[in-house]
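A look at the structure
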Amino acid sequence: MKRTFKLNQSSLSNEVLFLLDLIKQEPGSIQINKDLVEKIDWNLFITQAFHHRVYPALLSRISQSNEIPEHVKTVLNSEFKRNTLKMLYLSAEMEKIHQLFSKKSISTLCLKGPVLAHQLYGDLSLRTSNDLDILIPMKDIEKAEELLLYEGYQKDDYIHSVLNDWRWRHHHITYSHPVKKTKVEVHWRLSPGPGKEPGFHELWSRRVKSELPHSSVYMLGNEDLFLFLASHGARHGWSRLRWLMDIKQLMKQELDWQLLSSVLKKNYIEHVAGQSIVLAQQLLQAECTSAAARLASTQRSQKLAQDAMFYLESMINLHTDPVPENVSTYHQKHLFTLMSPHQKSLYFLSTLHPYAEDAKTLPLPKQLHFLYFPLRPLLVIWRKRGKHAMP
């Protein structure tokens, strides 16, 4: 008889366990675990709720509970109102950018933000978002940049590239508006390369129109959305529970599992999808079809899910430097284990291509950048010796 796999949650704090216990239940039928409530540090609970970006969902679950301190409800309610206003503002800005791009014949797919909140939760106030993520064809990147700069956005020039490796090593460029305080990430890929994923035209062919009122924005079809959300969450170690809530909500939607299985297999990420399903099912009691259960039943998916528990044991923020050395080391190893054999092959091949660091180590005129290919081994050795630039 096959042994049933179960995630080891013994290292999770009481506060995270209580968060999970609340958000896995449906609003209106919440059963408070009184034994667990007595062990909660409420200030830490609030901090965890903000870290995991689940406070909008929490409020509807605890507002009528007498076991939850009033100051906790007050803090969450205040932030909930602030988030609602922000999401309304982002919604209007998303529509404006969509119309701006549309007039210049730039096809645009909205990846997250208010339209995702409405798609998954039926209410844009029930999910948080700090920026707008849009996907456009690679050929329109320069045109889109011109439009955003004209609108007052400023480009974040954090990408350093040599021989145009930014096209496949990276996947988006960030633009910020100093007055509106909004941030837009313009994607030409769903995830950083190297790796296989559906091309823009394939994604566009399966697009759906957002059902957000007064919106003309398009977004990914549910199957492509699952691929994107699973890949995104896995890449960040599922370090925020909001991403798992998204997976749970998406699994409630109408999904063509035959199409989804085909897309996942074609792009070598069945194990990544399986990881997300294991986590969503066991931590949040997500509804699981037979097709989803098959993806989650593999030993690799289950091991990856258990490995991701590391990110829930403490409040790990991979977006804020400096990332602790032990976390950085673990994360790099985990990212490698997420790769398929196909992606690992591409990754090793990509290391032969010059990096921006090579150009910093030995500055050469642009017309001589091809020399970085044969010089790369020497430059790597030089940097490992602690040298920053060639004499």
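Residues numbered from 1 in each chain as written. Predicted model: local features only at pLDDT ≥ 70, side-chain atom pairs only at ≥ 80, totals over all residues. Heavy atoms only, no water.

**A short note on empty space enclosed by the protein**
Applying the stated criterion across every chain, the model contains 2 cavities of 30 Å³ or more. Here the largest cavity is characterised by a volume of approximately 40 Å³. Listed by contribution, the elements that provide at least two residues to the lining of the largest cavity are α4 (55-62) and α11 (241-251). Taken together, the residues of the lining of the largest cavity break down into 6 nonpolar, no polar and 3 charged. When its volume is computed, the second largest cavity comes out at roughly 40 Å³. Glu93, Lys96, Ile97, Leu100, Glu151, Tyr153 and Lys180 are the residues that line the second largest cavity. (1 Å grid on protein atoms, 1.4 Å probe; cavity = no way out; pocket = protein on both sides within 12 Å on 5 of 7 lines; lining within 4 Å. Points joined across faces, edges and corners; volume = space filled by probe spheres on them. Helix = DSSP H or I, 4+ residues; strand = E, 2+ residues; numbered from the N terminus. Nonpolar A, V, L, I, M, F, W, Y, C, P; charged D, E, K, R; others polar.)

**Examining the sheet that holds strand β7 (residues 218-219)**
Either a parallel or an antiparallel arrangement is found when strands of a sheet pair, and the pairing is made through backbone hydrogen bonds. Pairing is mixed in the open sheet, where 7 strands are placed in the order β3-β4-β5-β2-β1-β7-β6. Unpaired on one side and paired on the other, β3 (154-155) and β6 (208-209) mark the two borders of the sheet. Where strand β1 (residues 109-110) meets β7, 2 bridges bridge the pair, whose relative direction is parallel. Counterpart to Cys110 in the pairing with β7 is Met219. The strands touched by helix α5 (residues 70-103) are β1, β2 (132-135), β5 (182-187) and β7; relative to β2, the strand with the most contacts, the crossing angle is about 25°. (Pairing = 2+ DSSP bridges. Contact = heavy atoms within 4.5 Å. Axes fitted to C-alpha atoms, helices over the stretch in contact; angles between N-to-C directions.)

**A short note on the packing of helix α1 (residues 14-23) against helix α3 (residues 42-51)**
At a minimum axis distance of 9 Å, the contact between α1 and α3 shows a crossing angle of 60°. Our classification of the angle between α1 and α3 gives oblique. As α1 runs across α3, the sense of the crossing is right-handed. Counted together, Glu15, Val16, Phe18, Leu19 and Leu22 of α1 and Trp42, Leu44, Phe45, Gln48 and Ala49 of α3 form the full contact between these two elements. (Parallel < 35°, antiparallel > 145°, perpendicular 65-115°, else oblique. Left-handed = near helix turned anticlockwise from the far one by under 90°.)

**Examining the side chain of Ser91**
Here Ser91 is to be found in helix α5. Those residues within four positions of Ser91 in sequence are excluded, and the remaining contacts are Pro114 and Leu212.

**Concerning the layout of surface pockets**
A volume near 250 Å³ is recorded for the second largest pocket. Taken together, 15 residues line the second largest pocket, and the ones lying closest to its centre are Ile141, Glu145, Lys155, Trp166 and Ile173. Looking at the lining of the second largest pocket, the elements that each hand over two or more residues are α7 (141-150) and α8 (166-169). A total of 3 residues in the lining of the second largest pocket trace back to one element, the largest contributor, which is α7. Across the lining of the second largest pocket, the residue classes tally to 6 nonpolar, 2 polar and 7 charged.

**Topic: the pairing of β2**
The side-chain alternation of β2 yields two buried faces, one formed by Leu132 and Ile134 and the other by Asp133 and Leu135. Two elements, β1 and β2, share 2 bridges in a ladder whose sense is antiparallel. Note on β2: the bridge partner recorded for Leu109 is Leu135. With 4 bridges joining them, β2 and β5 adopt parallel strand pairing. Directly across from Ile134, in β5, lies its bridge partner Val186. (Buried < 20%, exposed > 50% of the residue type's maximum accessible area, 1.4 Å probe, protein only.)

**As for the environment of Glu151**
Following the sequence through the fold, Glu151 ends up in the loop between α7 and β3. The class for Glu151 is partly exposed, based on a relative accessible area of 25%. Spatially, the C-alpha atom of Glu151 lies 9.4 Å from that of Ile97, the residues being 54 residues apart in sequence. Beyond its immediate sequence surroundings of up to four residues, Glu151 is in contact with Lys96, Leu100 and His177.

**Quick notes on the pairing of β5**
In summary, the side chains of a regular strand alternate between the two faces of the sheet. Buried residues dominate β5, accounting for 5 of its 6 residues. Where strand β4 (residues 172-177) folds back onto β5 in an antiparallel hairpin, the turn is made up of 4 residues, including Lys181, whose phi is positive at roughly 60°.

Function-wise, these values are silent; they only describe arrangement.
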